Amino acid sequence: MPIKEFKLIQEDGSVYWEGKFGRSKWETSGEVIYGNMVALSGIYLGLLSGEVKPKTWPEPERSRFEKGITVGLARILSLQQEDGGWGWKVVLVEGKTRFPAGKGHVLYTAKILAKVLIPALRLNIKNVSYGGTTYDVAEHARAAVRFLIDQQLESGGYSANKEWSMTEDPLYTAWALRALCEAYRYRDLLGLDDATVQQVKEAIRRAVDWLLSHQEDEGDYAGLWEMKSAAIMGSAYAPPSEAQIVRALIQAYSISEELGLNKAELKEA
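You'll find the chain entered in an unreviewed UniProt entry as Terpene cyclase/mutase family protein, with Methanopyrus kandleri given as the organism.

## Some thoughts on helix α8 (residues 194–213)
In a regular helix each residue adds 1.5 Å, so 20 residues correspond to 28 Å; α8 covers 29 Å between its end C-alpha atoms and thus fits that length. Among the residues making up α8, those that are buried are Thr196, Val197, Val200, Lys201, Ala203, Ile204, Ala207, Val208, Trp210, Leu211 and Leu212. Tucked into the core, α8 has its buried residues touching α5 (137–151), α6 (170–185), α7 (187–190), α9 (239–254), α10 (256–259) and α11 (263–268).

## A short note on the packing of helix α2 (residues 34–49) against helix α3 (residues 61–78)
Direction vectors running N to C along α2 and α3 enclose 130°, while the axes themselves pass 10 Å from each other. In terms of orientation, α2 and α3 fall into the oblique class. Crossing hand, α2 versus α3: left-handed. For the pair α2 and α3, contact is made by Asn36, Met37, Leu40, Ile43, Tyr44 and Leu47 and by Phe65, Ile69, Gly72, Leu73, Arg75 and Ile76, respectively. Its residues placed into classes, the contact of α2 with α3 shows nine nonpolar, two polar and one charged.

## Focus: the packing of aromatic side chains
One pass over the full model with this rule turns up two aromatic pairs. Ring geometry for Trp57 versus Phe65: centroids 4.9 Å apart, planes at 70°, classification edge-to-face. Look at Tyr221 and Tyr237: their rings are 3.9 Å apart centre to centre, the planes differ by 5°, and that puts the pair in the stacked class. Residue Tyr221 is located in the loop between α8 and α9, and its partner Tyr237 is located in the loop between α8 and α9; the two are separated by 16 residues in the primary sequence. The partly exposed category is assigned to Tyr221, whose relative accessible area is 41%. Lying over the aromatic face of Trp175, Arg178 brings its terminal NZ or CZ to 4.2 Å of the ring centre. Lying across the ring of Tyr184, Arg187 places its NZ or CZ 4.2 Å from the centre.

## A short note on the packing of α5 against α6
Two elements in contact, α5 and α6, have axes whose closest approach is 11 Å; the angle formed by their N-to-C orientations is 135°. Taken as axis vectors, α5 and α6 run oblique relative to one another. Of the two possible hands of crossing, α5 and α6 adopt the one that is left-handed. From α5, Val145, Leu148 and Ile149 reach across to α6, where they touch Ala176, Ala179, Leu180 and Ala183. Within the contact of α5 with α6, the residues separate by chemical class into seven nonpolar, no polar and no charged.

## Focus on the pairing of strand β4 (residues 127–130)
The alternating pattern of β4 places Val128 and Tyr130 on a buried face and Asn127 and Ser129 on a face that is not buried. Two elements, β4 and strand β5 (residues 133–136), share four bridges in a ladder whose sense is antiparallel. Paired with Asn127 across the two strands is Asp136, which belongs to β5.

## Side note on the pattern of salt bridges
With the rule as written, the count across this model stands at six salt bridges. For the salt bridge of Glu59 with Arg62, the shortest nitrogen-to-oxygen distance reads 3.2 Å. As a salt-bridge pair, Glu226 and Lys228 come within 3.4 Å of each other at their nearest N and O atoms. When its relative accessible area of 31% is taken as the criterion, Glu226 is described as partly exposed. With a relative accessible area of 48%, Lys228 lands in the partly exposed category.

## Quick look at the nonpolar core
Ranked by internal contacts, the top residues of the largest apolar core, which has 73 residues, are Leu73, Leu177 and Ile204. When contributions to this core are tallied by element, the ones reaching two or more residues are α2, α3, α4 (106–122), β4, α5, α6, α8 and α9. Ranked by residues supplied to this core, first place goes to α4 with twelve residues. Beyond its immediate stretch of four places on either side in the chain, Leu73 contacts Leu40, Tyr44, Val116, Leu117, Ala120, Ile125, Val128 and Val137.

## Some remarks on the side chain of Glu182
Residue placement: Glu182 occurs in helix α6. Buried charged residue Glu182 carries no salt bridge. Nearest counter-charge: Arg185, at 4.0 Å. Setting aside residues up to four positions removed in sequence, Glu182 forms contacts with Ala114, Ile118 and Gln251.

## Quick word on α9
Between its first and last C-alpha atoms α9 spans 23 Å; for 16 residues at 1.5 Å apiece the expected length is 22 Å, and the two agree. All of the buried residues along α9 are Ser241, Glu242, Gln244, Ile245, Ala248, Leu249, Gln251 and Ala252. Packing partners of the buried residues in α9 comprise α6, α8, α10 and α11.

Criteria and thresholds
- Residues numbered from 1 in each chain as written.
- Predicted model: local features only at pLDDT ≥ 70, side-chain atom pairs only at ≥ 80, totals over all residues.
- Heavy atoms only, no water.
- Helix = DSSP H or I, 4+ residues; strand = E, 2+ residues; numbered from the N terminus.
- Expected span 1.5 Å × (residues − 1).
- Buried < 20%, exposed > 50% of the residue type's maximum accessible area, 1.4 Å probe, protein only.
- Contact = heavy atoms within 4.5 Å.
- Axes fitted to C-alpha atoms, helices over the stretch in contact; angles between N-to-C directions.
- Parallel < 35°, antiparallel > 145°, perpendicular 65-115°, else oblique.
- Left-handed = near helix turned anticlockwise from the far one by under 90°.
- Nonpolar A, V, L, I, M, F, W, Y, C, P; charged D, E, K, R; others polar.
- Phe/Tyr/Trp six-rings, centres within 6.5 Å; stacked < 30°, edge-to-face > 60°.
- Lys NZ or Arg CZ within 6 Å of the ring centre and 35° of its normal.
- Pairing = 2+ DSSP bridges.
- Salt bridge = Lys/Arg side-chain N within 4 Å of Asp/Glu carboxyl O.
- Core = buried A, V, L, I, M, F, W, Y, C linked by side-chain atoms within 4.5 Å.
- Lys, Arg positive; Asp, Glu negative; His and termini not counted.

Printed below as a string of structure tokens:
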């Protein structure tokens, strides 16, 4: 992004973009989660790949970096809801609340689990502190896993939250699948017990079955999935959403033999 138009702000443990239109909509519509999640997921990816090497940096850059990723993660953990999920309180112009406060959202929870919490544990970040409280990363990750297991609908698909809607959406289902596949892969790091691992495996199978059974098989959109609640860019078949579904199926394919999934069907999809 052009420096003259956007700048990255770190403030009170929160990270967000500020531009000519002010702070991002997520910062002005509720609790600060989105900026931290995006920033940390990119940083963790760089650390895990070896491309980001803070140990070679001079002071004070190194200390500032280490404090930023620690406090940012703690800030996210401090906002986890009692149900184990994360969600934003988005208030519309009319004053109505789209996503009630205090309830987790499947999409956001899955992203935080897959892109932030599990990578943090892979980097051996086990405990972080914020505001005088120390957070156990694995404990919060396990709560997120439980949230995703409990939110699965009888069909195997996912809505944003089953208390709000019983209508499955391919994008929500795909992100839940991605997070659950990561949780299964790194089950030892998360400290999942055997019973939970079995529930994760079953949830993965059911989510895969739902996605495979809802792929369009004819017409202009053959091979794609129709978004129900998560349509973006004015289209129920937006490429960014379709790409996330493909990524989820690829992840499921990578562990298909361990879970007894149909590799041929996954490959064809």
